[in-house]
Amino acid sequence: MAGHGEKEDSKKQRRKIKSVAKMKEIMTTYYIEAKTARETGKKVAWITSGGPVEPLIAMDVIPVYPENHGAMIGASKMGGDLCEKSEQMGYSPDLCSYACADIAAAPINGGPIGGLPEPDMLICCNNICGSVLKWYEIQARHFNAPLFILDTPISHVDFSKEAHDYVRNQIRDYIAFLEKECGKSFDYDRMNDVGRLSIEGQRLWQAVLDTTANRPSPMSAFDAFFHLALIVTLRGTQEATDYYKTLLAEMKTRIKDGIGAVENETYRLLWDNLPIWSKTKWLSEKFSSLNACLVADTYTSAWCGTMKYIDETDFLESMAQAYSRVHLNIGTDQMAETVIEMIDKYHIDGLVVHSNRSCKPYSFGQYDILDIVRKKRGVPGMVIEADMVDERSFSESQVETRIDAFMEMIGAAKPV
Amino acid sequence: METLEKFHEIARDPFSFARAAKAAGGMNIMGYVCSYAPIEIISAAGFLPFRIFGQGKNSEKADAHLQSYCCGHVRNALSDAISGELDFLDGTIFPHTCDSIQRLSDLWRMNTDFGFHYDLVVPVKVSGENAEKYMTAVLRRFRNELESAFQIEISDDKIRAAADKYNRIRSGLKRLYALRLESPGAISGSDMHAALRAFMSMDPDRFLDMLEALMKHLEASGPLAGERDGQDGATPKRLMISGGICDSPDFYSFIEEAGGVVVQDDLCSGSRSFSEQIDLNGDIIESIGKSYLKRIVCPSKHDDLYARGNRLLESAKKAKADGVVFIFLKFCDPHLFDYPWLRNLLKENGIDSIMFEMEDKFLPDGPFKTRMEAFLEMARNR
C-alpha cells in the first residue's frame, strides 16, 4: 500500500508545474513594491484588467488591478463576507462581485492582502463592461483621486472609422493626463520599448496557451487562470516576458515527456467566462476525476487575442484598435466564432459555460453561443450557474450532478 | 378629458396603437430602446420613432436566450420581438447604453428580422471635445445609413424641422412639469405617465396638438386644484422619483394612495428624456449631438464624478421635495451602483429617500405599501 501511495505521490509531483514558485515570487515582489510605493516615491494607478497599461509602465507608474484583487478575494473565499459588507453599504447583491468586494474592502483594508495601495489616479477602460465605469467612479470619489476613462466603443459587427478616430484621440488625452499627474513629459522612446515587450509577452502567452493543443495537454485552463496574472499585471515588462519564456520551455518539456495536466486525459473541454475563483481547485479535481481536462478557455486568451491589430512599429497608435476589439467588446455572434475556432484548434469534446451572475456582457448570449456550437460543430455544452467571487452563489451538489450528467453524455458519444 | 383618455389608451396598449396607426396612415415605424436615440433624425427620415417598453406577454420566449439575472426591460423587449408582438416595426435602433442592452442588440440581430437593425454606438463619456466630435460623426453616419438603407434623402432642412417640432414638444412637457411642480394636484401621476408614454409612441405632430389641448385644459381649469388631500386629509408629501424607466402607472397611484404626491422626476422615461433643447442654428447634426450629450446624464454614461448627484440634489431642492423615491428595475446595474452614493448625498443634505426594486412592472402589494406608508409617516413627523 505504502509503495502504491509513493508512486501516486511521485506521479502527482511530476505533474506539478514547476514555474509556479517563480510566479508566486514575482507576484509577491510586485505587491510589496506596490504597497510600499509611497515610501519609494512611486505613483500608483488603479487600472482595469483590459486597460492599456503600457503607457503607465513607460511612465514608471505602478499599475494595480482591482480585478486581480477581486480574484484573490474570491480564491481566499473572502468574497461572500465582503459582498455582504457591500450590501450593508447599500449595494445590491445583483451587482458585479469584483466591484462589490473591492468597494467593501477599500475603507477597511479588507481582503487577503490587507487592501490595495491607495491610488494616485485611476484608469478605466470600458472595453470589458460598463460596471467598471461605475466601480471606478465610486473608488475615485472614495479616494478623491483623478479618473481617466478610455471609452472604447463596442464593435457589434464592425469597428467604425469614427470609433477608431475617437479612441486614438483619447489615447492622446491619456498621455496628457499622465504627463499632468506624473509631472513629467511622456517618454516616447521608452514607450516603444514597453510596446515591444508587451507584444513579445502577448506572443509568448499565446504560445503557452497553444501548447494545450497537444494530447495530453501539458496544462489546463485552471493552470492558465493562475499563470495569467503576469500578462495582466506586468504586461510590457521584461519580467513578464522572461517568465513566459520559462513557462513555455517547461510546457514544451512536458509535451516531450508526455506529462499531461490530467492523468488519463480522455475528454477535452473548453471553458467560457471568468473562473469561479473560490472553486477552481474543486472543479479542477472534479473534472480530473472524470478524465476530463479543460484544455482551453475564452478568458485567458483575451489578453493576447487582438495581436493582429497591433503594429509593432507603432504600438501607441495601433493599440486604439487592439484595446477596442477585445473578446468582450464584440458581438455575440463573433464571440461564438472565436469559440468555434478554439474548438477546432484544441480538439474540444464539450463546452463548459460558466453563467456568471456578476458578468452580464460575458454571460448574456451564452445560450445562443451554445446553440451555435451545437449546430456548427455538434459539440455539446453544459452550464454552471455561479459567480466569480461570491461563493454564496455556488451549489456544490447541484454543479456536481450537472457535471456528472454532462460527462456521462460526452462519454456515451465518444466511447474510449 | 378626451385627450387624457387617448393618452391612457396608448399607454395601456402602445403596440396595438402603433399597429393601428401604421395600418391607418401607412407610416413606417422605427423602434428604439433607449432615450439617447436621435428621434429628430428618425422622424426626419419619415419614420414614427417608437420607444420600446417591453410588455412581456410571452416573457418565457426570452428564457432560451437570457439568464434569470437579466432585467425585465431587456427580457420583455426580446420576448416581444421574438414572439411577433413587435411585428409593426420596420427597424430598430440600439443606442449604446448598458451591458444588458448591448447584448440585447446582438440577440435581437441574431434571432429576429425586422429589416433595419442599427447599433448607434454613442459615446459613454459625454463631456469634452472628443466626445462631441465622435457623437457628431456617429449621427452623420446614422443619417447616411438610413438614407442608403431606405433609398431616401434626409436633408438638413427636414432634420431642422423635426428638431424644431421636438423642441416645441420638449417646451410643452416642461410647461406641464412646471405646472405640476407648482400645483401637484393639477395632474395625477398616472395621467402624467400616460402623457409621456404617448409622447414616446405617437406621431409628433399629433402629439403636439394634443399636448397643447391638455395644457389649455389644465391652465383653464381656473385656480388650479392645488394640493390634493392626502391620507386622513393631511397635505400630501411632495416626492421626487428617481430611477431608470418606470412604465407602471400603478406606481403613481400607489404613492398617491399612501399620502404622497409626485412633484418631480429624474427618470429616463420622464424628465431626462426631454431636458435639453436643440439649437436650430448652425450645423443641425452637431446641435443634435451636443444636446444629447448635455442632457441630464444617464448613469450608464459618464459626465464628471459628481454631475449626476449634484443635479439630483439641486432638482430635489428646487422641487421642495420632502423625500426622494428611488425606483429601480431589478438587475439594473448602472442605477444600482449609483444608489448608495445618491442616497447618502441626499441624506447629508437633509432629504430622506426610500428605494424600491421591481421585476418589470410595479406590484403594489403588502410590503411595498407598508414601507411607503412608514416613509411618508416619517416625512410627516419631520
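Preceding block: the structure.
Since the structure is predicted, the reported quantities are computational estimates derived from the model, not experimental observations.

A. Focus on the overall build of chain A. A tally of helices and strands in chain A yields 19 helices and eight strands. For 416 residues, the compact-globule formula gives about 22 Å, and the C-alpha radius of gyration of chain A, at 21 Å, lands near that figure. Dimensions of chain A, computed from C-alpha atoms along their principal axes, come out at roughly 65 × 50 × 45 Å. The proportion of buried residues among the 416 residues of chain A is 62%. Considering only contacts in chain A between residues 6 or more positions apart, those separated by 24 or more positions represent 80%.

B. Seen up close, the packing of helix H8 (residues 189-199) of chain B against helix H10 (residues 249-257) of chain B. All names here are of chain B. Contact geometry for H8 and H10: axes closest at 7 Å, N-to-C directions at 160 degrees. Here H10 runs roughly antiparallel to H8, going by the angle between their axes. As for how H8 packs across H10, the hand of that crossing is right-handed. For the pair formed by H8 and H10, the contact residues are Gly189, Ser190 and His193 on the first element and Pro249, Tyr252 and Glu256 on the second. For the contact of H8 with H10, the per-class residue count stands at two nonpolar, three polar and one charged.

C. Spotlight on the sheet that holds strand E5 (residues 237-243) of chain B. All names here are of chain B. Taken in spatial order, the four strands make up an open sheet running E6-E5-E7-E8, and their pairing is parallel. Lying at the two open borders of the sheet, with one neighbouring strand each, are strand E6 (260-266) and strand E8 (352-358). Strand-to-strand twist across the sheet, computed as the mean angle between neighbouring axes with direction ignored, equals 30 degrees. As defined by bridge partners, E5 adjoins E6 across six bridges and the pair is classed as parallel. Bridging from a neighbouring strand, Lys237 pairs with Gly260 of E6. On the sheet, H10 packs against E5, E6, strand E7 (323-329) and E8 and is oriented at approximately 135 degrees with respect to E6.

D. Representation of the interface of chain A and chain B in the model. Counting from both sides, the interface comprises 56 residues of chain A and, opposite them, 47 residues of chain B. Across the chain A/chain B interface, buried area totals approximately 4,400 Å², and carbon plus sulfur atoms make up 56% of it. At the boundary of chain A and chain B, one finds five salt bridges. A salt bridge links Arg109(B) to Asp333(A); the nearest nitrogen and oxygen atoms lie 2.6 Å apart. Broken down by secondary-structure element, the contributors of at least two residues to the side of chain A that touches chain B are helix H7 (97-105), helix H8 (131-143), strand E4 (147-150), helix H9 (161-182), helix H16 (332-346), strand E7 (350-356), helix H17 (360-363) and helix H18 (366-377) of chain A. A per-class count over the side of chain A that touches chain B returns 26 nonpolar, 17 polar and 13 charged.

E. Structural view of a positive patch on the surface. Judged by side-chain charge, Lys12(A), Arg14(A), Lys16(A), Lys18(A) and Lys24(A) come together as a positively charged surface patch. Mapped onto the elements, Lys16(A) comes out in the loop between helix H1 (2-15) and helix H2 (20-35).

F. Structural view of helix H13 (residues 333-348) of chain B. Residue and element names in this part refer to chain B. Its 16 residues give H13 an end-to-end C-alpha distance of 24 Å, which sits within 8% of 22 Å, the value for a rise of 1.5 Å per residue. In H13, a bend of some 40 degrees at Tyr339 exceeds every other bend along the element, and Pro340, a proline, comes one to four places later. When you tally the buried positions in H13, you get 12 out of 16 residues, the bulk of the element. Gly350, located one to two residues past H13, shows a positive phi value of around 75 degrees.

G. Representation of the side chain of His156(A) in the model. By the secondary structure assignment, His156(A) is in the loop between E4 and H9. Non-local contacts of His156(A), meaning those with residues more than four positions away in its chain, are made with Gly331(A), Asp333(A), Gln334(A), Gln102(B), Ser105(B), Asp106(B), Arg109(B), Asp119(B) and Val121(B).

H. Representation of the pattern of salt bridges in the model. For the structure on display, the rule yields 59 salt bridges over all chains. Between Arg38(A) and Asp120(A) there is a salt bridge whose closest N-O contact spans 3.2 Å. Here Asp120(A) lies in the loop between H7 and strand E3 (121-125) and Arg38(A) lies in helix H3 (residues 37-40), a separation of 82 residues in the sequence. Residue Arg38(A) is classed as partly exposed on the basis of its relative accessible area, which comes to 48%. Between Arg197(B) and Asp247(B) there is a salt bridge, with its nearest N and O atoms 2.9 Å apart. Separated by 50 residues along the polypeptide, Arg197(B) in helix H8 and Asp247(B) in the loop between E5 and H10 bring together distant segments of the chain. Here Arg197(B) matches Asp247(B) in class, with each residue buried. One network of salt bridges, with partners in common, ties together Lys134(A), Glu137(A), Asp266(B), Arg272(B), Arg308(B) and Asp338(B).

I. How the structure looks around the sheet that holds strand E5 (residues 267-272) of chain A. Residues and elements named next belong to chain A. One open sheet holds the four strands; their spatial order is E6-E5-E7-E8, and the pairing between them is parallel. Since the sheet does not close on itself, it has two edges, and those belong to strand E6 (292-297) and strand E8 (381-386), each with one partner. Averaged over all pairs of adjacent strands, the angle between their axes in this sheet comes to 30 degrees, without regard to strand direction. One ladder, built from four bridges, connects E5 with E7; its direction is parallel. Residue pairing in the sheet places Asp272 in a bridge with Val353 of E7.

J. Seen up close, unusual backbone geometry. Residues and elements named next belong to chain A. Residue Arg215 is joined to Pro216 through a cis peptide bond whose omega torsion reads -5 degrees. In this model, Lys77 sits at a positive phi of 60 degrees, which is unusual for a non-glycine residue. Assignment of secondary structure puts Lys77 in the loop between helix H5 (66-75) and helix H6 (79-89). Looking at Lys77, the relative accessible area reads 48%, which means it is partly exposed.

K. Here's a closer look at H6(A). Residues and elements named next belong to chain A. Buried within H6 are the following residues: Gly79, Gly80, Leu82, Cys83 and Ser86. Seen from one end, H6 has its buried residues packed into an arc of 165 degrees, which puts them on one side. The elements touched by buried residues of H6 are H5 and H7. Among the residues trailing H6, Gly90 stands out with phi positive, at a value near 115 degrees.

L. Looking closely at the environment of Leu82(A). Residues and elements named next belong to chain A. With respect to the helices and strands, the residue Leu82 is situated in helix H6. Residue Leu82 is classed as buried on the basis of its relative accessible area of 3%. Counting along the chain gives 39 residues from Leu82 to Met121, while the straight-line C-alpha distance between them is 24 Å. The contacts of Leu82, once residues within four sequence positions are left out, are Ile73, Cys100, Ala101, Ala104, Ala105, Ile108 and Gly111.

M. Here's a closer look at the packing of aromatic side chains. Going through the model one piece at a time under the given rule, you end up with 37 aromatic pairs over all chains. Ring centres of Phe186(A) and Tyr188(A) lie 4.9 Å apart, and the angle between their planes is 75 degrees; on these two criteria the pair is classed as edge-to-face. Residue classification places Tyr188(A) among the partly exposed positions, given a relative accessible area of 46%. Through successive ring pairs, a cluster of aromatic residues spans Phe222(A), Phe225(A), Trp271(A), Trp277(A), Tyr299(A) and Trp303(A). Here Lys125(B) stacks its cationic end above the ring of Phe148(A), 4.9 Å away from the centre of that ring.

N. Spotlight on the environment of Tyr136(A). If you trace the backbone, Tyr136(A) turns up in helix H8. Between the alpha carbons of Tyr136(A) and Leu147(A) there is a distance of 7.5 Å; along the sequence they are 11 residues apart.

O. Seen up close, the environment of Pro218(A). Residues and elements named next belong to chain A. On the secondary structure map, Pro218 appears in the loop between helix H10 (188-210) and helix H11 (221-227). Distance in space between the C-alpha atoms of Pro218 and Ala37 is 38 Å, their sequence separation being 181 residues. For Pro218, the contacting residues outside a window of four places in its chain are Thr211, Thr212, Met251, Arg254, Ile255, Ile259, Gly260 and Ala261.

Conventions and cut-offs
- Residues numbered from 1 in each chain as written.
- Chains lettered and ligands numbered in written order.
- Predicted model: local features only at pLDDT ≥ 70, side-chain atom pairs only at ≥ 80, totals over all residues.
- Heavy atoms only, no water.
- Helix = DSSP H or I, 4+ residues; strand = E, 2+ residues; numbered from the N terminus.
- Rg over C-alpha atoms; globule rule 2.2 N^0.38 Å.
- Buried < 20%, exposed > 50% of the residue type's maximum accessible area, 1.4 Å probe, protein only.
- Contact = heavy atoms within 4.5 Å.
- Axes fitted to C-alpha atoms, helices over the stretch in contact; angles between N-to-C directions.
- Parallel < 35°, antiparallel > 145°, perpendicular 65-115°, else oblique.
- Left-handed = near helix turned anticlockwise from the far one by under 90°.
- Nonpolar A, V, L, I, M, F, W, Y, C, P; charged D, E, K, R; others polar.
- Pairing = 2+ DSSP bridges.
- Buried area = accessible area lost by both parts, 1.4 Å probe.
- Salt bridge = Lys/Arg side-chain N within 4 Å of Asp/Glu carboxyl O.
- Patch = residues over 30% accessible without salt bridge, like charges linked within 9 Å, V, L, I, M, F, W, Y side chains within 5 Å.
- Areas by Shrake-Rupley, 256 points an atom, 1.4 Å probe, with all protein chains shown as cover.
- Lys, Arg positive; Asp, Glu negative; His and termini not counted.
- Charge placed at Lys NZ, Arg CZ, Asp CG, Glu CD.
- Expected span 1.5 Å × (residues − 1).
- Bend = angle between axes of the 7 residues up to and from the residue.
- Arc of directions from axis to C-beta.
- Phe/Tyr/Trp six-rings, centres within 6.5 Å; stacked < 30°, edge-to-face > 60°.
- Lys NZ or Arg CZ within 6 Å of the ring centre and 35° of its normal.

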